[in-house]
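Chain and residue survey
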Amino acid sequence: MSSTESPIEFEALLEYLRRSRGFDFTGYKRASLMRRISKRMQGIGIADYSEYQDYLEVHPEEFTLLFNTVLINVTAFFRDPQAWQVLAHEVIPPMIRAKAPGQPVRVWSAGTATGEEAYTIAMVLAEQLGFDDFRERVKIYATDVDDEALTKARHATYNEREVQGVPPTLLEKYFDHSEIGYTFHKNLRRQIIFGRHDITQDSPISRIDLLVSRNALMYFNAETQARILARFHFALVDGGVLFLGRAETLLTHSNAFNPIDLKRRISVKVGSPLLRERLLMAVHDEPDEPAQVDRRVRTRDAAFDAAGVAQVVVDGNGILALANERSRELFGLTYADLGRPLQDLKLSYRPVELRGALEQVQTERRTVVIPDVEWQQAPGERHWFDIQLVPLLDAAHILLGVSIAFTDITAAKRLQLELEHSNQELETAYEELQTRSTELNQVNAFLESILMSLHGGVVVLDRELKVLVWNSQAEDLRGLRGDEVIGQHFLNLDIGLPVERLGRPLRACLSEDAVQSTTTLDATNRRGKSITCDVTCMPLVGPRSEVRGAILVMESREGASPPRST
């Protein structure tokens, strides 16, 4: 098995992507996921998953290129036109007729990519309702995990090739044409809310009438598909419509959805009558004995009070109804604050402004999360919270109040900040290393040019007389390449030169007195011709005047008189 096929290293890479950038690919089909990531790795010449993780740590811009490769955003306006015809003419009209006049129509486009699907839904609904009713009643929530794709979706501008699927009459009616392309009408675009959302792990949007998710499920394994479909089921109102892609089925959730048009993958949510009946029975049953009721109430209150997460409950009138022990400690609440309007308490704006989010939950009847809230309680004492506001609804879907939970993420945030600081230091060190490497390369090139400019052969030895440098003139003179002699003991080399006669001058050169000398030797060059060679031996001196080795300069005198030592 090659390194790129190692499941351990691959899973470690996925965990790194989840921790560092919040992308959880663990539910994706492994074969296709490995193929896409390997394709990106091949593009930059990396064959090992752990090496690619190192590369991502040093090159953060690579994340965008990787996610663009993995998150294949295949979408188009009115993709599979026959399915959209069925939805527009057979499904949506009765869905709208079943609603009271003026009642909101809520749609979720999950995995919307670059927005074509969301704007297709908008055109279909606007054709049914008319512009005015559409603006008054419709909210389309368009979500994806790809921030770059969402940016394009918000701009709502497409080129001529991208709008080919839009019928000409609708193209003229719903788009403004300019030099930059076709832009969806701004006054209708306000009804479409684009946002980042991971369907595998984020809380689903609630009270949805129509949920469109075409060919997003096909990339996930069976277990993750089942989890996503359960979230979709929760998101839809009873009788809500689910519109999937042609490559997707509901075999594992056949009891949760009934097909409207099996071929076009259009289904309706099946409610939970048994559960609803049990809730209604619980409301209308005769009360238990007073002692049993009291015991259950005390047990419930004790469980709420002992929760490790700070939590308060605000009733439908904005009155603080409950506050557990952790919230009382954290925010300085007392029992006297119970029954007071939340807006009169510091908690309403500290650690974060809650009133707007509270109003949104009460109006839209859906969970709102305010992530990564920083709160400095005292100088030098910072805490971070994820704040979740959840609507509390009874069996008849009537709002009872809102639960507000403050999850302390300080430890994780500090680790994240430390990691970011370490990464910044690593990047700085890497940049300095690159600078020093460049400078070193320049120095080496400069020294190399000096060595090449000398007429004689130059050899540099360490104190053990092993060859450190062997310039090109030495190669021409002695007939041996540098890679053949580097690291070799100089006195053991067969270079056509009686090197044994250089032992004494070399030792003198390496002594404390560091004596420089010139020796004339009878030698043979690489062509086999007899020559006279002057060998100058001089000390290699370090920055503290210590002798680190020796430098030999060899100059030939062809046809000269017989050698003599000096």
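Starting from 1, residues in each chain are numbered consecutively following that chain's sequence as written. Per-residue local features of the predicted model are confined to residues with pLDDT of at least 70, and side-chain atom pairs are confined, for both listing and counting, to 80 or more; whole-chain, interface and lining totals are unaffected and use all residues. Calculated side-chain values reflect all of the structure's heavy atoms, with hydrogen atoms and water omitted.

Here the focus is the overall build of the protein. Helix and strand assignments come from DSSP, with helices taken as H or I runs of at least 4 residues and strands as E runs of at least 2, each series counted from the N terminus. Within the protein, the regular secondary structure consists of 19 helices and 20 strands. The cut-offs for exposure are 20% and 50% of the maximum accessible area for each residue type, with area from a 1.4 Å probe on protein chains only; residues under the lower value are buried, those over the upper are exposed, and the others partly exposed. Sorting the 566 residues of the protein into buried and exposed places 42% on the buried side. Methods summary: accessible areas were calculated by the Shrake-Rupley approach with a probe of 1.4 Å, and residue burial reflects only the protein chains presented. Total accessible area computed for the protein in this model is approximately 30,900 Å², and 52% of it derives from carbon and sulfur atoms.

We now examine the sheet that holds strand 3 (residues 157-158). What makes two strands pair is DSSP finding at least two bridges between them. Reading across the sheet, the 3 strands line up as 3-5-4 and stay open at both edges, with antiparallel pairing between neighbours. Among the strands making up the open sheet, the edge pair consists of strand 3 and strand 4 (175-178). With 2 bridges connecting them, strand 3 and strand 5 (residues 181-184) associate as antiparallel partners. Paired with T157 across the bridge in strand 5 is T183.

The nonpolar side chains of a soluble globular protein tend to be buried with one another. Residues belong to one nonpolar core when they are buried, are Ala, Val, Leu, Ile, Met, Phe, Trp, Tyr or Cys, and are joined through side-chain atoms within 4.5 Å. Ranked by size, the top nonpolar core spans 46 residues in total, and within it F77, L87, M123, I140, F175, F184 and L210 carry the most contacts. Discounting chain neighbours no more than four positions away, the residues touching L87 are I92, P93, L210, V241, F243 and I266. Core analysis: the next-biggest nonpolar cluster, separate from the first, contains 27 residues, A474, L477, V485 and V499 among them. For this analysis, residues touch if any pair of their heavy atoms sits within 4.5 Å.

Where strand 11 (residues 310-315) and strand 15 (residues 399-408) come together, 6 bridges link them in antiparallel fashion. Counterpart to V314 in the pairing with strand 15 is V402. Pairing between strand 11 and strand 12 (residues 320-323): 3 bridges, direction antiparallel. Bridge pairing links V314 to L320 in strand 12.

A sheet is described by the order of its strands in space; here 5 strands give the open sequence 12-11-15-14-13, paired in antiparallel fashion. On the outer flanks of this sheet lie strand 12 and strand 13 (368-378), each paired with one strand and no other. Neighbour to neighbour, the strand axes of the sheet diverge by 25° on average, direction disregarded. Two strands pair when backbone bridges link them, and strand 13 and strand 14 (residues 381-393) are joined in this way by 8 bridges, in the antiparallel orientation. Residue pairing in the sheet places E374 in a bridge with W384 of strand 14. Axis angles are defined between N-to-C directions and span 0 to 180 degrees, where every axis is a line fitted to C-alpha atoms and, for a helix, only to the segment in contact.

Attention now goes to the pattern of salt bridges. A pair is scored as a salt bridge if a Lys or Arg side-chain nitrogen falls within 4 Å of a carboxyl oxygen belonging to Asp or Glu. Overall, the coordinates contain 19 salt bridges when judged by the stated rule. For D132, the salt bridge is made with R135, and the minimal N-O distance between the two is 2.7 Å. With a gap of 3 residues between them, D132 and R135 both fall in helix 7 (residues 131-137), about one helical turn apart. D132 sits in the exposed class, given a relative accessible area of 55%. A network of salt bridges, in which partner residues are shared, links R481, D483 and E484.

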